[in-house]
Amino acid sequence: MPAVENFPQIRQWLEEMGIDSEVIAHRTLPFFKEAERTLLVTAETNAEGKALLLLPEAANAWRRMHQCAKTAGIDLYLVSAWRSVEYQMSLIKKKQQLGVPPEEFFSYLAPPGCSEHHTGRAIDINTPECDEVSGVFGDTPAFAWLREHAHQFGFEMSFPPDNPWGFIYEPWHWCWHPVNPANKSGK
Ligand SMILES: [Zn+2]
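From a predicted model like this one, the values you see are computed outputs, not experimental measurements.

Calculation criteria
- Residues numbered from 1 in each chain as written.
- Predicted model: local features only at pLDDT ≥ 70, side-chain atom pairs only at ≥ 80, totals over all residues.
- Heavy atoms only, no water.
- Donors = N, O, S within 2.8 Å, 3.2 Å for Na, K, Ca; no water.
- Buried < 20%, exposed > 50% of the residue type's maximum accessible area, 1.4 Å probe, protein only.
- Pairing = 2+ DSSP bridges.
- Helix = DSSP H or I, 4+ residues; strand = E, 2+ residues; numbered from the N terminus.
- UniProt positions renumbered as here; feature names shortened; annotations may be inferred.
- Contact = heavy atoms within 4.5 Å.
- Salt bridge = Lys/Arg side-chain N within 4 Å of Asp/Glu carboxyl O.
- Axes fitted to C-alpha atoms, helices over the stretch in contact; angles between N-to-C directions.
- Phe/Tyr/Trp six-rings, centres within 6.5 Å; stacked < 30°, edge-to-face > 60°.
- Domains from an automatic or database assignment.
- Buried area = accessible area lost by both parts, 1.4 Å probe.
- Polar contact = N/O pair within 3.5 Å; in protein donor to acceptor, adjacent residues only side chain to side chain.
- Nonpolar A, V, L, I, M, F, W, Y, C, P; charged D, E, K, R; others polar.

A short note on the coordination of the zinc ion
Consideration 1: His-117 (NE2), Asp-124 (OD) and His-173 (ND1) make up the full set of protein donors to the zinc ion, lying at 2.0 to 2.1 Å.
Consideration 2: Donor residues for the zinc ion sit on one chain with the sequence pattern H-x6-D-x48-H.
Consideration 3: Overall, the relative accessible area of 3% leaves His-117 in the buried class.

Printed below as a string of structure tokens:
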């Protein structure tokens, strides 16, 4: 069950979309507070001209990582960054319109309130040689580079295989975590 104190709110959002919250009742899902829109900055503008937003520190970390990868001959770009709860609901509605059952799409699409993208610290990354954001990304040199270097910029892969949240393996999804100076010493 998602963080218990937030479950009523999630259930209400699901009800608005006509989804029975029973479908996630067996899941242990995290709850992520939506970052305030006014705190966000443009981390990158995508090919369609859409601004992809992140918290300033996460955006800086992304830019530094992007540049460093480029120097190593690895081309990375952002597919997704901050998402509002409302936007998450619109993604879910699209799946509903396609007739995909909630049990299925909730394995790769977080329920509203449960997406790390709400925080303004999570990103989906792709590379030009990879057609789609899928498990295939895990086989690219770009992913190999990230696995080795992303932590140097504060990014961690959130959903490795068999993650406790019940999401599929998402090699493209990384989240920036603030470095605690107390943990930095002694390495
Ligand atoms: Zn993601």
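Comments concerning the pairing of strand S1 (residues 41-45)
Consideration 1: Bridge analysis of S1 against strand S2 (residues 51-54) gives four bridges, and the strand direction is antiparallel. The residue bridging Thr-45 from the neighbouring strand is Ala-51, located in S2.
Consideration 2: Between S1 and S2, which pair antiparallel in sequence order, lie five residues; one of them, Gly-49, sits at a positive phi of approximately 85 degrees.

Remarks on the UniProt feature "domain: D-alanyl-D-alanine carboxypeptidase-like core" (unreviewed entry) in the chain
Consideration 1: In the UniProt entry, the feature "domain: D-alanyl-D-alanine carboxypeptidase-like core" (unreviewed entry) is given for residues 54-178.
Consideration 2: The distance separating the terminal C-alpha atoms of residues 54-178 is 13 Å; by composition the span is 34% helix and 14% strand.

Considering the side chain of His-66
Consideration 1: Relative to the elements of secondary structure, His-66 occurs in helix H2 (residues 56-71).
Consideration 2: Dropping the residues within four chain positions of it, His-66 is found in contact with Glu-44 and Leu-76.

Details of the pattern of salt bridges
Should their charged atoms come close, side chains of opposite charge can pair.
Consideration 1: Under the definition given, this model contains one salt bridge.
Consideration 2: Arg-83 serves as the salt-bridge partner of Asp-124, at 3.4 Å between the closest nitrogen and oxygen. Pair noted here: Asp-124 is in strand S4 (residues 122-126) and Arg-83 is in the loop between strand S3 (77-80) and helix H3 (85-97), with a separation of 41 residues, a long-range link. With respect to class, Asp-124 is no different from Arg-83; both count as buried.

Some remarks on the sheet that holds S4
Consideration 1: Strand order in this open sheet of four strands is S3-S4-S6-S5, and the pairing throughout is antiparallel. Single-partner strands in this sheet number two, and they are S3 and strand S5 (155-157). Pairwise comparison of adjacent strand axes, ignoring direction, gives a mean angle of 45 degrees for this sheet.
Consideration 2: Pairing between S3 and S4: three bridges, direction antiparallel.

Remarks on the packing of aromatic side chains
Consideration 1: In this structure the tally under the stated criterion is five aromatic pairs.
Consideration 2: Here Phe-105 and Phe-106 contribute two aromatic rings whose centre-to-centre distance is 4.9 Å and whose plane-to-plane angle is 75 degrees, an arrangement assigned as edge-to-face.
Consideration 3: With a relative accessible area of 0%, Phe-105 lands in the buried category.
Consideration 4: Summarising the aromatic geometry, the rings of Phe-137 and Phe-143 are spaced 6.2 Å apart at their centres and angled 70 degrees between planes, so their arrangement reads as edge-to-face. For the residue pair Phe-137 and Phe-143, the accessibility class agrees, reading buried in each case.

Some thoughts on the domain arrangement of the chain
Consideration 1: With domains assigned, the chain is organised as domain 1 (1-31 + 85-116) and domain 2 (38-82 + 120-179).
Consideration 2: Here the C-alpha centre of domain 2 lies 23 Å away from the C-alpha centre of domain 1.
Consideration 3: Contacts between the two partners involve eleven residues from domain 1, matched on the other side by 14 residues from domain 2.
Consideration 4: Buried area between domain 1 and domain 2, summed over both chains or domains, comes out near 900 Å², and the portion from carbon and sulfur atoms is 55%.
Consideration 5: Summed over the shared surface of domain 1 and domain 2, the number is zero salt bridges.
Consideration 6: Viewed at the interface, domain 2 and domain 1 are joined by four residue pairs in polar contact (both at pLDDT 80 or more).
Consideration 7: For the side of domain 1 that touches domain 2, the residue count by class is seven nonpolar, two polar and two charged.

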